[in-house]
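One-letter residues, chain by chain:
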Amino acid sequence: MRFNEKELVSLSRQPPERAAELGMRGPKKGEVVKKRLVKLVVNFLFYFRTDEEEPIGALLLEQCRVEREDSQSFSIAFLDEAERKYLFECDSEEQCREWVDSIIKASYEFMRKNLIFYRTEIHRLTGKDPLEQYGISDETRFQVNNSLQLLPRDTSSL
């Protein structure tokens, strides 16, 4: 996937959802764990040398698996390249749990599933499609398996 480098640098300077110095080992670094400033911004995980303002890399948190390795470390592996695995070491078990939870919630797919769930719940309770007012209710990205059918609510039994 291609990205505009200037836009990525600009995004990396936005207020992060989470940021900390973590131990990090990339997929080709053997056993070497280096301290990196790691920032979660939207669905990108940026990593920096601790003394620099420009990121040295970014991970797009889509189509990936986040797993706890032990009580204080987690890994990110990409589904299309399972051998490309990044390891992160935290200072505590709580910090590790918070990072894993934040990363899982940062993906577009997670947000999309939540939108669809709440859209369905609102429709079930009110009989109205909340996306209709924005003119986007028929877009395929907001459909469950591209086949979500919101049916008019039956009010005869109310």
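Residues numbered from 1 in each chain as written. Predicted model: local features only at pLDDT ≥ 70, side-chain atom pairs only at ≥ 80, totals over all residues. Heavy atoms only, no water.

- Per an unreviewed UniProt entry, the protein is named Pleckstrin homology domain-containing family J member 1, and its organism is Zoarces viviparus.

## What to know about the nonpolar core
Stage number 1. Counting residues in hydrophobic clusters, the biggest one holds 21 residues, and the most contacted among them are L45, L59, F74, I76, F88 and W99.
Stage number 2. At the level of elements, β1 (18-25), β2 (34-41), β3 (44-48), β6 (73-78), β7 (81-89) and α2 (93-106) are the ones that each hand at least two residues to this core.
Stage number 3. With 5 residues, the top contributor of residues to this core is α2.
Stage number 4. With 5 residues, the next largest nonpolar core counts L8, F44, F46 and F48 among its residues. (Core = buried A, V, L, I, M, F, W, Y, C linked by side-chain atoms within 4.5 Å. Buried < 20%, exposed > 50% of the residue type's maximum accessible area, 1.4 Å probe, protein only. Helix = DSSP H or I, 4+ residues; strand = E, 2+ residues; numbered from the N terminus.)

## What about the sheet that holds β7?
Stage number 1. What the 7 strands build is an open sheet, ordered β4-β3-β2-β1-β7-β6-β5; its pairing is antiparallel. A single partner strand is all that each edge strand has here, and the edge strands are β4 (57-60) and β5 (64-70). Between one strand axis and the next, the sheet turns by 35° as a mean value, whatever way the strands run.
Stage number 2. Here β1 runs beside β7; their pairing, made up of 3 bridges, is antiparallel. Pairing of R25 across the sheet is with L87, part of β7.
Stage number 3. Here helix α1 (residues 5-12) sits on the sheet in contact with β2 and β3, set at roughly 85° to β3. (Pairing = 2+ DSSP bridges. Axes fitted to C-alpha atoms, helices over the stretch in contact; angles between N-to-C directions. Contact = heavy atoms within 4.5 Å.)

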